[in-house]
Amino acid sequence: AQSVTQPDIHITVSEGASLELRCNYSYGATPYLFWYVQSPGQGLQLLLKYFSGDTLVQGIKGFEAEFKRSQSSFNLRKPSVHWSDAAEYFCAVADYNTNAGKSTFGDGTTLTVKP
Amino acid sequence: SQTIHQWPATLVQPVGSPLSLECTVEGTSNPNLYWYRQAAGRGLQLLFYSVGIGQISSEVPQNLSASRPQDRQFILSSKKLLLSDSGFYLCAWSVGGASETQYFGPGTRLLVL
C-alpha cells in the first residue's frame with residue numbers, strides 16, 4: 001500500500017526567507033503526487049501536482065516542487081515566503097490502480113511565518 | 001464553475017445521538033465523491049468514496065455510514081455518535097482518475113460531548 005511521510009510537523013520561517021517542506025512517498029510505480037494547502041478552519045486547495053514529464057512542477061502562489069525518484073521525494077519550495085503562506089500543507093499520493101481517484105495524505109506540516 | 005457545499009459548518013452533539021452531514025456539488029455531473037475525517041493535529045483519513053449513485057466504498061471500519069441518494073449529493077451518517085467521532089469532516093469531489101485534483105468543501109467541525 002502506498003504511504004506518505006511528511007517528516008516536519010511544524011516549521012517556522014521568517015517572512016521573505018526561503019521555504020522547503022519535505023515529502024517522502026512509498027509507491028510501487030511512478031506515482032501521482034500532489035501538494036495541498038489548508039488555511040485554518042477551511043478545506044484544502046491544490047497547490048500543484050505531478051504525474052509525468054518535467055520533474056520540476058510549478059504551482060500557484062509562487063510554489064514549486066521537484067520529483068526525485070531516486071529519493072522517493074516530492075519537496076515543496078518557495079523562494080520568498082509571505083505572511084499569507086501561514087497554513088497547513090499536505091502532500092498526497094494517488095492510487096492509480098483504480099479509477100476511484102483515491103489519494104493517501106501525509107499528516108501535514110504546519111507553517112508559521114514570523115514577521 | 002463548480003462549487004461544493006457542506007453543512008452544517010459546526011455541530012455539537014451529545015454522545016449517542018444521530019448524525020447527518022450533507023455535501024452537495026454543483027456544476028459537474030457524475031463526480032467521484034469522498035468523505036474525509038481530520039482529527040486534531042492529524043492528517044486526512046479517507047472514510048468513504050463513491051464513483052456513482054448508490055455506490056459506496058468504505059475505507060475503514062467505523063461507527064459511520066455514507067449514502068449517495070443523488071448524483072451530486074453525499075451524506076455522512078451515524079445512528080449513535082461516539083466521543084471518538086469528534087473531528088473535522090471534509091467532503092471532496094473529483095472528475096475521477098488518479099491524476100485528477102480533488103476539490104474540497106469548507107468542512108464541518110463536529111464536537112461530540
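For the structure itself, consult the block above.
Here's what I pulled together on the structure shown here. (Residues numbered from 1 in each chain as written. Chains lettered and ligands numbered in written order. Predicted model: local features only at pLDDT ≥ 70, side-chain atom pairs only at ≥ 80, totals over all residues. Heavy atoms only, no water.)

### Re the state of the cysteines
Residues and elements named next belong to chain B.
Link 1 in the chain: Across all of its chains, the model carries two disulfides over all chains by this definition.
Link 2 in the chain: Note that Cys23 is cross-linked by a disulfide to Cys91, the S-S spacing being 2.0 Å. Taking the torsion about the S-S bond as the criterion, the Cys23 to Cys91 disulfide, at about -75°, is left-handed. On the criterion of sequence distance, the pair formed by Cys23 in strand E3 (residues 19-26) and Cys91 in strand E9 (residues 87-94) is long-range, its members being 68 residues apart. (Disulfide = S-S within 2.5 Å. Helix = DSSP H or I, 4+ residues; strand = E, 2+ residues; numbered from the N terminus.)

### Here's the deal with the nonpolar core
Link 1 in the chain: Ranked by internal contacts, the top residues of the largest apolar core, which has 27 residues, are A:Leu19, A:Trp35, A:Leu47, A:Leu48, A:Phe74, A:Leu76 and A:Tyr89.
Link 2 in the chain: Setting aside residues up to four positions removed in sequence, A:Phe74 forms contacts with A:Cys23, A:Leu33, A:Phe34, A:Trp35, A:Leu48, A:Tyr50, A:Ala65, A:Glu66, A:Phe67 and A:Cys91.
Link 3 in the chain: The next biggest cluster of nonpolar side chains, apart from the first, holds 20 residues, and it includes B:Leu11, B:Leu33, B:Trp35 and B:Cys91. (Core = buried A, V, L, I, M, F, W, Y, C linked by side-chain atoms within 4.5 Å. Buried < 20%, exposed > 50% of the residue type's maximum accessible area, 1.4 Å probe, protein only. Contact = heavy atoms within 4.5 Å.)

### As for the interface of chain B and chain A
Link 1 in the chain: Tallying the contact residues gives 24 residues for chain B and 24 residues for chain A.
Link 2 in the chain: Note on chain B versus chain A: buried area summed over both sides is about 1,800 Å², and carbon and sulfur give 54% of it.
Link 3 in the chain: Applying the counting rule to chain B against chain A returns one salt bridge.
Link 4 in the chain: Notably, a salt bridge pairs B:Glu59 with A:Lys102, separated by 3.3 Å at the nearest N-O pair.
Link 5 in the chain: Of all the elements in the fold, those that place two or more residues in the side of chain B that touches chain A are strand E4 (32-38), strand E5 (44-52) and E9 of chain B.
Link 6 in the chain: For the side of chain B that touches chain A, the per-class residue count stands at 11 nonpolar, nine polar and four charged. (Buried area = accessible area lost by both parts, 1.4 Å probe. Salt bridge = Lys/Arg side-chain N within 4 Å of Asp/Glu carboxyl O. Nonpolar A, V, L, I, M, F, W, Y, C, P; charged D, E, K, R; others polar.)

Coordinates in, geometry out; function isn't part of it.
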